[in-house]
Amino acid sequence: MTEDKQYYLVTPLAYTGAAVAFTYHATEALAVGQIVSVPLGRRASLGVVTASVGRPEFVTKAAEPMPELPPLPAYLLALAAWMSTYYAASPAAVWSTFLPTGLAKNRREPKTRPAVAVAAGLPASRLTPEQAGTLAAIRGSKQPAHLIHGVTGAGKTRLYLELAAEALAAGQSVVILVPEITLAPQVVAQFEATFGPLVLSTHSKLTEAQRHRIWGEAAAAMVAGEPRVVVGPRSCLFLPLHQPGLIVVDECHESSYKQEQHPRYQATAAAAQLARLAGARLILGSATPGLGELFLARAGRIGYHRLTQRYNNIPLPEAKIIDLRNKDVLKLSKFITQPLHDAIEATLAAGRQSLLYLNRRGSASSQVCADCGLVSTCPQCQLPLTFHADLMRLICHHCNFRRPTEAVCPQCHGANLRLLGGGTKRIEAEVERLWPAARLARLDRDSATLAHIKAVHKGLRDGSIDIIIGTQMIAKGLDFPGLDTIGVVSADTMLHLPDYTAAERTFQLLAQVSGRVGRGDRAGQIFIQTYTPGHPAIV
C-alpha cells in the first residue's frame, strides 16, 4: 500500500545560497506557517512551511512537524515576504530574525519565575484637555496611522495606555516599541501597573532561554485567542500575537530603530507594514519627529496631533548657551564651564539632582602623536580608536577591535603620544575631582547591564544619586522629578559628522535631553556648552 504524501515548499532557516525554498513531503497535513525540521544536505535545519504544492517530478525528503510549536499567523508570513523583497534579504535571513535561536531545544522549566504584577487599571488622574482632544480625534478618525507630536512631558505614554486598554477590551493585542534598553524598565513598569500579567517584555540583554520562554508565552496566548501587550525594542514586532490591534512606535525619530545587521530593516517602516497587514492602528510618538514623519503628516497621509503643554503645567526650561571659544569660562576644568559648575553647586546644596550629558563613551576620543600627527585608527574601520583608562585599551566603538596603548608612535617612533577629547569616563573622573562628596552614577553602553540600569533608575527616584553622567541612553523618555540641572558637556560631538542628518539629530538630542528636567515641581535649567553657538540646530 502506498503511503499518501502531501508536498510543501519550506524555507529553511539555515543559509542555502541562492535557493529560497525547497520541496518536502509530509505524511500528515501541515498548515502554512508551520515550523518543521527538514534535512538539508548532511544536516538538519528548522524551516517554515510557506506554501502547499503539487507532487513534483523528483524524489523529496520528509519534513518533520514540530508539534510543540504552533503555526505562525498569516500576517507574519506576509510581513516576512514583504521584508525579503523590500530589503533585498533572503527569506532565511528574515525568518532567522523573526524566530529566536534555540527554538527546537528542550528546556527545563525555570525554578523561579518573575513575579506577576497585579493590574491596577488605568491611572486615576484626569486627562488634560489636549490629551482628551487627541484621544477623541484618533478615535473618530478613519486614518489607520497617526503621529502624536508632543513636547517632552506632555503625557504621550498616558495616551498609549488609554489606546492599549481599548484594544485589549476589543480582544486585540498591543505592541509598544521603545528605542533604548534604558527606557524599557520604566515603560514596562507603567504598563505592568495597568495591565498586570497581560504584559510581556523583551530587550537585548535577555538570555537565549529567556527569549525562548517569552516567544513561547506569546505563541501560547495566540493559540488560546488571548490578547497580550508586548513592550520592547524592534524585535517585538515579530512575536506571534493574537489579532494585533495597536502598534505604538515611541520616540519614532530614533536612529536605533534601524537594524545595522542583515537584514537591515527600519522598524518604523516594518511597523507600518505590519499594521497594514494586520488591520491594526499605528501610533508614532515623538517630541522631535523626523522630517520624514512630518512630511507624511502635512501631506495628510497620516493623522497629526499636537501636544503643546506639559501635563504638570511646568514650563519648558530655558537653555543657556555657553560659548566654549571663550576660555575664561574654563578656568576650573577643561570640560565643565564656570556657569555650569556654579549651577551644579547650587543644585547639590538644594539636595536636588544634576545630569551631565556627553554623546561619547570612554576616557579620550582619540590618541594622536604630537610629533608627526598620526591618529591611532582601527585597522578594519579606519575610525579613530577611543581610549578607555580603566581597561588601558584603545577600542573601536564600531567593530569592537581592541589593542593596548603604545609607548611610542609606530610611524615616527617618537614618545610624544597625546590623548585628546573626553568621554563619559573622563567626565566622571573630573566630576569626582570637583565634587568628591557627591554620589555619582554613569550610564553608557559600557556600563549598561540591566541590573545597573535598574539600579540607576532606583537611585534617581529615591534620591541616592546626586549626579548622573551618560550618553544618549539617558537623553530620552526618562521621567525623574528630582532632576533640576542638565549640562550638555559638548553639543558639537554629532554636529560635524559626515551625515546629512547630523544637524537634525543634534537638535533632536538637545531637545530630548532638555526634556529630562521640569518633570517635578520646578522648571529646571539646562546649560549647552558648544563651539558653534550660532548654529541653527543649537540656537
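My aim in this report is to walk through the structure given alongside it, one point at a time. (Residues numbered from 1 in each chain as written. Predicted model: local features only at pLDDT ≥ 70, side-chain atom pairs only at ≥ 80, totals over all residues. Heavy atoms only, no water.)

## Details of the sheet that holds strand β11 (residues 244-250)
Convention followed: Pairing between strands is defined by DSSP: at least two bridges between them are needed. In this description a helix means any DSSP run of H or I spanning at least four residues, a strand means any run of E spanning at least two, and both kinds are numbered starting from the N terminus. Axis lines are fitted to C-alpha atoms, over the contacting stretch for helices. Their N-to-C directions set the angle, which ranges from 0 to 180 degrees.
Strand order in the open sheet made by the seven strands is β9-β10-β8-β11-β12-β7-β13, with parallel pairing throughout. Each edge of the open sheet is held by one strand with a lone partner, namely β9 (199-201) and β13 (303-307). Neighbour-to-neighbour, the strand axes of this sheet turn through a mean angle of 15°, independent of strand direction. Note that β11 and strand β12 (residues 281-286) share five bridges and pair parallel. Within β12, the position partnered with Asp250 by the bridge is Gly285.

## Digging into the nonpolar core
Generally speaking, a soluble globular protein has its nonpolar side chains buried in company with each other. Convention followed: Here, nonpolar core refers to any group of buried Ala, Val, Leu, Ile, Met, Phe, Trp, Tyr and Cys residues whose side-chain atoms link them within 4.5 Å. When a residue's accessible area, from a 1.4 Å probe over protein chains only, is under 20% of the maximum for its type it is buried; when over 50% it is exposed; and in between it is partly exposed. Here, two residues are considered to be in contact whenever any of their heavy atoms come within 4.5 Å of each other.
Residues Ile35, Met83, Phe98, Trp215, Leu237 and Ile247 are the most contacted members of the largest nonpolar core, which totals 52 residues. Ranked by the residues each element gives to this core, the list is headed by helix α1 (residues 74-86), at seven residues. Contacts of Phe98, omitting those with residues within four sequence positions, involve Leu76, Leu79, Ala80, Met83, Trp215 and Phe238. Membership of the second largest hydrophobic core comes to 27 residues, among which are Leu159, Tyr160, Val229 and Ile283.

## Focus: the packing of α1 against helix α2 (residues 91-98)
For any two helices packed against each other, one specifies the crossing angle of their axes together with the interaxial distance. Heads up, the rule is: Just so you know how the angles are binned, under 35 degrees is roughly parallel, over 145 roughly antiparallel, 65 to 115 roughly perpendicular, and the rest oblique. Helix crossings get a hand from a simple test, with the near helix turned counterclockwise from the far one by less than a right angle marking a left-handed crossing and a clockwise turn marking a right-handed one. Basically, the charged four are Asp, Glu, Lys and Arg, the nonpolar ten are Ala, Val, Leu, Ile, Met, Phe, Trp, Tyr, Cys and Pro, and anything else, Gly included, counts as polar.
In contact at an axis separation of 9 Å, α1 and α2 are set at 130° when each is read in the N-to-C sense. In terms of orientation, α1 and α2 fall into the oblique class. Every pair of crossing elements has a handedness; the one defined by α1 and α2 is right-handed. Residue-level contacts link Leu76, Leu77, Leu79, Ala80, Met83 and Ser84 of α1 to Pro91, Val94, Trp95 and Phe98 of α2. Partitioned by chemical class, the residues of the contact of α1 with α2 number nine nonpolar, one polar and no charged.

## Brief notes about the layout of surface pockets
For clarity, the cut-off: With a 1 Å grid spanning the protein atoms alone, the term cavity applies to any set of points in which a 1.4 Å probe fits but cannot get out, the term pocket to an open set with protein on both sides within 12 Å along at least five of seven lines, and the term lining residue to any residue with an atom within 4 Å of a point. Grid points are joined across faces, edges and corners, and a volume is the space filled by probe spheres set on the points.
A volume near 1000 Å³ is recorded for the second largest pocket. Residue contributions to the lining of the second largest pocket peak at six residues, all from helix α7 (residues 267-278). The residue inventory of the lining of the second largest pocket, partitioned by class, reads 17 nonpolar, eleven polar and nine charged.

## Quick look at empty space enclosed by the protein
Under the definition given, this model contains four cavities of 30 Å³ or more. If you add up the space inside the largest cavity, you get close to 60 Å³. Along its surface, the largest cavity is lined by Tyr357, Asn359, Val488, Ser490, Ala491, Thr493, Met494, Thr506, Leu509 and Leu510. A per-element tally of the lining of the largest cavity places helix α12 (residues 502-514) first, with three residues. Class assignment of the residues belonging to the lining of the largest cavity gives a composition of six nonpolar, four polar and no charged. Here the second largest cavity is characterised by a volume of approximately 40 Å³. Every residue along the wall of the second largest cavity is listed here: Thr11, Tyr15, Thr16, Gly17, Ala19, Val20, Ser90, Pro91 and Ala92. Looking at side-chain class alone, the lining of the second largest cavity contains five nonpolar, four polar and no charged residues.

## A look at the side chain of Gln353
This is how it is decided: Whenever a nitrogen or oxygen atom comes within 3.5 Å of another N or O atom, the pair is scored as a polar contact, on the condition that within protein one atom can donate a hydrogen and the other can accept it, and that pairs from neighbouring residues in sequence are kept only if both atoms are in side chains.
Note that Gln353 resides in strand β15 (residues 353-357). There is a polar contact of 3.1 Å between the side chain of Gln353 and the backbone oxygen of Leu460. When neighbours within four sequence positions are excluded, Gln353 is seen to be in contact with Thr347, Gly459, Leu460, Gly463, Ile465, Asp466, Gly482, Leu483, Asp484 and Thr485.

## Remarks on the packing of helix α4 (residues 156-169) against helix α5 (residues 184-195)
Two numbers describe how α4 lies on α5: the axes approach to 11 Å, and their chain directions differ by 40°. In terms of their interaxial angle, α4 and α5 are classed as oblique. Like other packed secondary-structure pairs, α4 and α5 cross with a definite hand, here right-handed. Touching Thr157, Tyr160, Leu161, Ala164, Ala165 and Leu168 of α4 are Gln190, Phe191, Thr194 and Phe195, all from α5. Here the contact of α4 with α5 is composed, by residue class, of seven nonpolar, three polar and no charged.

## Considerations on the pairing of β11
Rules: Orient the strands so they point away from the viewer, and a crossover whose first-strand-to-second-strand path over the helix runs clockwise is right-handed.
Counted residue by residue, β11 has seven buried out of seven residues, so it is predominantly covered. For the crossover from β11 across α7 to β12, the handedness is right-handed.

## Here we look at helix α10 (residues 424-434)
Along α10, the residues classified as buried are Thr424, Lys425, Ile427, Glu428, Glu430, Val431 and Leu434. Contacts from the buried residues of α10 go to α9 (338-349), β15, β17 (386-388), β21 (440-443) and β22 (467-470).

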